[in-house]
Amino acid sequence: MGIEGIGARVARKEDKRFITGKGRYTDDMVVAGMKHSVFVRSPHAHAKIKKVDTEAAEKMPGVIGILNGQQLADDGIGNIICGWMIHSKDGSPMNMGAWRPLAQDTVRYVGDAVLIVVADTKAQARDAAEACIVEYEELDIVTQPDKALADGAPQIHPEAKNNLIFDWGLGDEEATDKALASAAHITEMDIVNNRLVPNAMEPRAALGIYDDAEDHYTCYTTSQNPHVARLVMSAFYNVAPENKLRVIAPDVGGGFGSKIYIYPEEIVCLWASKRTGVPVKWTADRTESFLTDAHGRDHITKVKMGFDANNNIVGLKVDTIANLGAYMSLFSSATPTYLYATLLSGQYNIPAIYGNVRAVYTNTAPVDAYRGAGRPEATYLLERTMETAARELGVDPAELRRQNFIREFPHQTPVIMNYDAGDFEVSLDAAMKQIDYAGFAKRKKEAESRGKLRGIGMSCYIEACGIAPSQAVGSLGAGVGLWESAEVRVNAVGTIEVLTGSHSHGQGHETTFAQLVCERFGVPMDSVSIVHGDTDKVQMGMGTYGSRSGAVGMSAIMKALDKVEMKAKKIAAHLLEADEADIEIENGELKVAGTDKSVPWFQMALGAYTAHNLPDGMEPGLKEGAFYDPANFTFPAGCYICEVEVDPDTGTTKIIDFVAADDFGNIINPMIVEGQVHGGVAQGIGQALMEGTYYDPDSGQLLTASYMDYQMPRAEDLPNFQLSTSVTECPHNPLGIKGCGEAGAIGSPPAVINAITNAIDNNDLTMPATPQAVWTALHNKGGSRDDKNQFDRHITKAAK
Amino acid sequence: MAKVSLTVNGKNVEKDVEDRTLLVQFLREDVNLTGAHIGCDTSQCGACVVHVDGKAVKSCTMLAAQASGCEVTTIEGLSGGGDLHPVQAAFREHHGLQCGFCTPGMIMAATDIIKRHGTKLDEATVRAELEGNICRCTGYHNIVKAILDAASKMDGAAKVAAE
């Protein structure tokens, strides 16, 4: 490894613009003639639109146009789609209701877009939006997924009877029932995985620009995958054909999944730009983000795990209701199915598994993938159940896990996944050593002397990253292939541009991707540029989510680099009159091995473009592209241990220590990997301790729609994290890497809750474990959980 | 309309703006300084922090008209035209940023924290003082590290300057 090569802690190339305020985010963009827009949204969770009156609003200062759903339909703009087909157990396709970018007859959640108002300034657009009169006839509502399935529940879409989108299963139910019937011990759990709001710090935004002369559209948008946005807007929404639509995702201020999807606003801004003849910008305010960004999680699950007399797991049965909100977002059907139930084996040998998932509509914001997407839900139920089983069986939770670990690879689970590499015991031992697991009893006693309840909890997670082999996901219902593309352009002076279909919105690709080139050719980092996020520059790509930019995106770059290297060596061999096989590339030079003959990298590149002296028949230039389709998912895994102290008087939990021992395969830049784990763990701790998303069950109003009400983790809520990594290489990609983006958010929530329930000696605790929830669990052992949840909600409401 | 006259990063700026214009809107839209960001509507996130007469202020909590006559420094002017300010350099060195959206506000808040606490700054104080700045990417770990390192380097530099 060189100082800028693979494995080096290189400071980020992109930082200069961010720390000097020169980042270019969508809302920073200004184009000639640009106007501003505000959406008129439904204040009701479920209602018929009876009448729309915009006459007075249209006459207000600065107003350019107020457009509605009928006009959108007249212009042929299509419905928003879900891109992954799921079939129910009976073979029927999922029941998808229509999602219009601007609602026409019915609104189905608070925040559903009804009108767009375009005006000279944002303030004028807001004033006019407030003057738009929309008359509604309110309908009955339902916000809770279990209640949505009940007979007589309000019907949200005509296509989905009883609000059931699909009733899907994975695994062998009969074998699982048989295994559980033979079990010596069964641990049963009711698990709620709380709804979360992703809360990227940059609110979503879009700028639509229609060029009448060229009949061409440009869209600046806060996207994790601009090419997918272009594809979907062209192929399904009928905005414009691909060759007449350019999508640019410039600097994007965090995504965490919420910026994968193509939302109504970018479609409507593009269309409104043509309708009004001016470029139209929209930027969400924070409450709008809370109301309309796709939320995450929101599962209710019943778990049964069976053990034999020697404490070996014999079977696992899971029954989940997943709340998908009012409409099916782009990946919403995949998240609680193939990204969830396929990970139910965790790190354990489980001979029989069956997962049943019923997805339902409710009058709430759409729910889709949020950091981890299905894998946190699987890990949370597994790791809480393992911890609970250990307590019931009277064995050490670490040892129960160790005893059941998968130790031989490849390992075929009963739920599709084929784990190709791992060593779970190494992570477990590393984490136990780092936190001094053996010394916990002493620390607990010391805490007692201060009147504090100390607890320890662990979580052993595995996840599937680098989504995914195109053929495999296609057979499971995906509407797209999940390869990645790259192009490496060596300029005539030897500088290098790497074009990638991945998109960086905080992950540091401009640095880590350049490290691959520095490693390969020994050129300085300054001479390498990474180009991404613009469909006019990069032909095609599938974007960044599920830690696919390393395992899939970088693999595509490696393939393109192989081709460049091969041609560069041919040119050098010709120039040096040597055998191509004897050429080595080192420190920016191409050398003949074992001699002092060499040609500098830039001279070789110049030679490729002057073409004065190339091998016979060789094309001039030095530019190569590659598409890479992975052979399998990658499987990062690790062990997280959390130690907490609970104040019995207030129910406040303080995280004393948090240890993360991960196996991400090989690492390109440890500094960036650590940053990803820090952020993921912080989000997981946020889910465990404070982030609660509450809809009023009677009105469907989102009660937690601002930072006054939704508790984001602050610096003071979190400890310093202790991290370590070990390596088993991914055997099927050229770098041997697995991915690190989601691990923290997947592994940490069960570790935190296991620690708190250990501290208070009551397992009946749901997330978020707010001081009030913990206090109630501590002082109300044996009480009904439903009572406590109601209490929690009423207290939350009363406190406002 | 209100006539607003103030100094931004050492330059005089004079504009007529709507009375309701917030300082952050004024900076972003009228002065074209887009470093201060708008991350919330309730003055919680701190992405918009700038210095007004030397103090950290959330520029979404102040009307542009209220800042008339003041000296405003934004992230773009923090280094005074020279190399990076020590806090900016520390954020880079310690990987105290990922997506970069909260970063300008974090850095402006951090310089104010360091100024107020000087050598007495410790981790607990930094974490408590960051109550008004939300970051979703970093888990704050490296932000805290960067601020403490910048504080110690700035203290060292001040001592050298004094000698």
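Labelled according to an unreviewed UniProt entry, chain B appears under the name Carbon monoxide dehydrogenase, originating from Ahrensia marina.

A. Fine view of the environment of A:Phe307. Tracing the chain through its elements places A:Phe307 in strand 13 (residues 299-307). Setting aside anything within four residues of it in sequence, one finds A:Phe307 in contact with A:Ala183, A:Ala184, A:His185, A:Asn312, A:Ile313, A:Val314, A:Ala389 and A:Leu393.

B. Summary view of the sheet that holds strand 23 (residues 589-592) of chain A. Residue and element names in this part refer to chain A. With antiparallel pairing, 3 strands are arranged side by side in an open sheet as 22-23-24. Looking at the sheet topology across the chains shown, the edges are occupied by strand 22 (583-586) and strand 24 (598-600). Mean inter-strand twist for the sheet, computed between neighbouring axes without regard to direction, equals 20°. The pairing of strand 23 with strand 24 spans 3 bridges and is classified as antiparallel. Counterpart to Lys591 in the pairing with strand 24 is Ser598.

C. Summary view of the interface of chain A and chain B. The interface is formed by 40 residues belonging to chain A together with 43 residues belonging to chain B. For the side of chain A that touches chain B, the elements supplying multiple residues, two or more each, are helix 1 (15-19), helix 9 (286-292) and helix 18 (670-689) of chain A. With 7 residues, the top contributor of residues to the side of chain A that touches chain B is helix 18 of chain A. Considering only residue class, the side of chain A that touches chain B consists of 18 nonpolar, 14 polar and 8 charged.

D. Region of interest: the nonpolar core. Residue and element names in this part refer to chain A. Grouped together as the largest cluster of nonpolar side chains are 308 residues, with contacts concentrated most on Val117 and Ile756. The leading source of residues in this core is helix 16 (residues 548-576), at 11 residues. Non-local contacts of Ile756, meaning those with residues more than four positions away in its chain, are made with Gly455, Val644, Val646, Thr653, Leu765, Ala769 and Val774.

E. Broad picture of the environment of A:Met554. Residues and elements named next belong to chain A. With respect to the element layout, Met554 can be found in helix 16. Given 28 C-beta atoms within 10 Å, Met554 falls into the buried group. Each C-alpha atom, one on Met554 and one on Val673, is 15 Å from the other, the two residues being 119 residues apart in sequence. Excluding residues within four positions of it along the chain, Met554 makes contact with Phe513, Leu516, Ser549, Leu735 and Ile737.

F. Up close: the pairing of strand 2 (residues 11-17) of chain B. Residues and elements named next belong to chain B. Burial within strand 2 is sparse, with just 0 of its 7 residues counted as buried. One ladder, built from 7 bridges, connects strand 1 (residues 2-8) with strand 2; its direction is antiparallel. Note on strand 2: the bridge partner recorded for Ser5 is Glu14. Where strand 1 folds back onto strand 2 in an antiparallel hairpin, the turn is made up of 2 residues, including Asn9, whose phi is positive at roughly 50°.

G. Quick peek at the pairing of strand 1 (residues 35-41) of chain A. Residues and elements named next belong to chain A. Burial runs high along strand 1: 7 of the 7 residues are buried. Residues Lys35, Ser37, Phe39 and Arg41 point to one face of strand 1 and His36, Val38 and Val40 to the other, with burial holding for every one of them. Pairing geometry for strand 1 and strand 12 (residues 280-283), over 2 bridges, is parallel. In the sheet register, Lys35 faces strand 12, and the bridge partner there is Val280. As defined by bridge partners, strand 1 adjoins strand 5 (residues 113-119) across 6 bridges and the pair is classed as antiparallel. Directly across from Phe39, in strand 5, lies its bridge partner Ile116.

H. Region of interest: helix 11 (residues 397-404) of chain A. All names here are of chain A. Along helix 11, the residues that are buried comprise Pro397, Leu400, Arg401 and Asn404. Summarising the axial view, the buried residues of helix 11 lie within an arc of 95°, below the 170-degree limit, and thus occupy one face. Taken together, the buried residues of helix 11 touch strand 14 (313-323), helix 10 (375-393), helix 12 (424-435) and strand 18 (453-462).

I. Broad picture of the sheet that holds strand 1 of chain B. Residues and elements named next belong to chain B. Pairing is mixed across the open sheet formed by 5 strands, whose spatial order is 2-1-5-3-4. Single-partner strands in this sheet number two, and they are strand 2 and strand 4 (55-58). Within this sheet the neighbouring strands show an average axis-to-axis angle of 40°, counted without direction. In the sheet, strand 3 (residues 49-52) pairs with strand 4 via 4 bridges, with the strands oriented antiparallel. Within strand 4, the residue paired with Val52 across the bridge is Lys55.

Rules and cut-offs
- Residues numbered from 1 in each chain as written.
- Chains lettered and ligands numbered in written order.
- Predicted model: local features only at pLDDT ≥ 70, side-chain atom pairs only at ≥ 80, totals over all residues.
- Helix = DSSP H or I, 4+ residues; strand = E, 2+ residues; numbered from the N terminus.
- Contact = placed C-beta atoms within 7 Å.
- Pairing = 2+ DSSP bridges.
- Axes fitted to C-alpha atoms, helices over the stretch in contact; angles between N-to-C directions.
- Nonpolar A, V, L, I, M, F, W, Y, C, P; charged D, E, K, R; others polar.
- Core = buried A, V, L, I, M, F, W, Y, C linked by C-beta atoms within 7 Å.
- Buried ≥ 20, exposed ≤ 12 C-beta atoms within 10 Å, placed from the backbone.
- Arc of directions from axis to C-beta.

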